[in-house]
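# Structure assessment
In case you want the letters, here they are:
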Amino acid sequence: MTLSPTHTAVASPAGSPETEASRAATPRHYLMCPPTYFDVVYAINPWMDPTSGVDTARAVAQWEELKATYEAHGHQVEVVDPVADLPDMVYAANGGAVVGGRALAARFVHAERRAEGPAYEAWFSGPGAVVGLKSLGQAVELNEGQGDFLLAGDVLLAGTGFRTTLAAHAEAARLLDVEVVTLELVDPRYYHLDTALAVLDDGAVSGERTLAWYPPAFSSRSQEVVRDLFPDAIVASDEDAAVLGLNAVSDGRHVFLTDRATGLHERLRERGFEPVGIDLSELLKGGGSVKCCTLELDLPR
Ligand code: ARG
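Bear in mind the structure is a predicted one, so any value in this text is a computation, not a measurement. (Residues numbered from 1 in each chain as written. Predicted model: local features only at pLDDT ≥ 70, side-chain atom pairs only at ≥ 80, totals over all residues. Heavy atoms only, no water.)

Our next topic: the site of the ligand. If you check the shell around the ligand, you find 17 residues, and the closest are Asn45, Arg113, His192, Asp194 and Cys292. A distance of 2.8 Å separates a nitrogen atom of the ligand from a polar side-chain atom of His192. If the ligand stood free it would expose 340 Å²; the protein chains cover 100% of that surface. (Near = heavy atom within 4 Å. Polar contact = N/O pair within 3.5 Å; in protein donor to acceptor, adjacent residues only side chain to side chain. Areas by Shrake-Rupley, 256 points an atom, 1.4 Å probe, with all protein chains shown as cover.)

Spelled out as structure tokens, the structure:
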């Protein structure tokens, strides 16, 4: 079953030359962390079952495939060293928020992940960091980086309800010098904004911002906010949301997402995007997919 979108796309039919031509990829810079120590030994979200039996070697192979896929599409990938005893560090999106080169390292909610904040800060301020990146240090307020902060052009969409706090939204607005739009999450399965919403086009080239989302994950007031700002947003079905299909990364044209979200692949094609399916089944056991494994370094243009 597919939920019908509340707003029908006005784009030309799937695969038509006009639509394809209107989507332009821009080269991106990502930070990733290999799942060398990945495991599910505690449960801090409903996806995690410590008895699930993680195949770490398989997780590493799937992660390598994701990294190679980014590189094959012309994107640059930086790698931060994994830390033993931090099994969730592979979810690099949570390491911080990066806007216009300013990097604000995360402050994690759960004790199990707390040491990741300083580890990501060390990378942001260390010798391996990329030109144009400036560390602002670690945030004071509880925030889980791009798990809850998603840049959509000149606004930072900010999730709250489970992890990142309202105080952290205010801190991000001030330190990253960006307008923040708060969105309240209400379903524990979608505990981070990036599990329920993906920015597909930041409008930089096309002039038109687009995203995909799963409305039931949001409070009714926040649903109104999203509909107002993004009337043409793609609405994901229950099934596509439930395989974390919205935990996706877009370069403006290619959308990297789980190969399991087949309905969403279709919706994306109808709107002129090229879905690139990735198998991250092992990382799903920790409650994450493509976007969770990817911190986008938004550098000064
Ligand atoms: N096990 C991790 C946690 O619950 C998964 C984090 C997923 N990351 C994300 N950006 N949604 O914190």
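Still more to cover.
Quick look at the pairing of strand β6 (residues 149-152) now. Here β6 pairs with strand β7 (residues 155-160) via 4 bridges, running antiparallel. Residue pairing for β7: Leu150 is matched across the bridge by Leu157. Where β6 folds back on β7, the antiparallel hairpin that results is connected by 2 residues, among which Gly153 adopts a positive phi of roughly 70°. (Pairing = 2+ DSSP bridges. Helix = DSSP H or I, 4+ residues; strand = E, 2+ residues; numbered from the N terminus.)

Nonpolar side chains in soluble globular proteins generally cluster together in the buried interior. Residues Leu157, Leu197 and Phe218 are the most contacted members of the largest nonpolar core, which totals 38 residues. For this core, the secondary-structure elements that each account for two or more residues are β6, β7, β8 (179-184), β9 (197-202), β10 (209-213), β11 (234-235), β13 (254-258) and α7 (262-270). With 4 residues, β9 is the single largest residue contributor to this core. Met32, Phe38, Tyr70 and Val290 belong to the second-largest nonpolar core, a separate cluster that totals 24 residues. (Core = buried A, V, L, I, M, F, W, Y, C linked by side-chain atoms within 4.5 Å. Buried < 20%, exposed > 50% of the residue type's maximum accessible area, 1.4 Å probe, protein only.)

Now for the pairing of β9. Judged by how many residues are buried, β9 sits mostly within the fold: 6 of 6 residues are covered. As defined by bridge partners, β9 adjoins β10 across 5 bridges and the pair is classed as antiparallel. Opposite Asp202, over in β10, you have Arg209 as the bridge partner. Between the antiparallel neighbours β9 and β10 lie 6 residues, among them Gly203 with a positive phi of about 85°.

Summed over the entire model, instances satisfying the criterion amount to 6 aromatic pairs. When the ring of Phe38 is compared with that of Tyr91, the centres are 6.1 Å apart and the planes differ by 90°; the resulting orientation is edge-to-face. Of this pair, Phe38 sits in the loop between β1 (29-32) and α2 (56-72) while Tyr91 sits in the loop between β2 (76-79) and β3 (96-99), and the two are 53 residues apart along the sequence. Per residue, the accessibility class of Phe38 equals that of Tyr91, and both read buried. Residues Trp213 and Phe218 carry aromatic rings whose centres are separated by 5.7 Å and whose planes lie at 55° to one another, so their mutual orientation is tilted. There is no split in this pair, since Trp213 and Phe218 are both buried. Here the aromatic cluster, defined as three or more aromatic residues joined through ring pairs, consists of Tyr30, Tyr70 and Phe256. (Phe/Tyr/Trp six-rings, centres within 6.5 Å; stacked < 30°, edge-to-face > 60°.)

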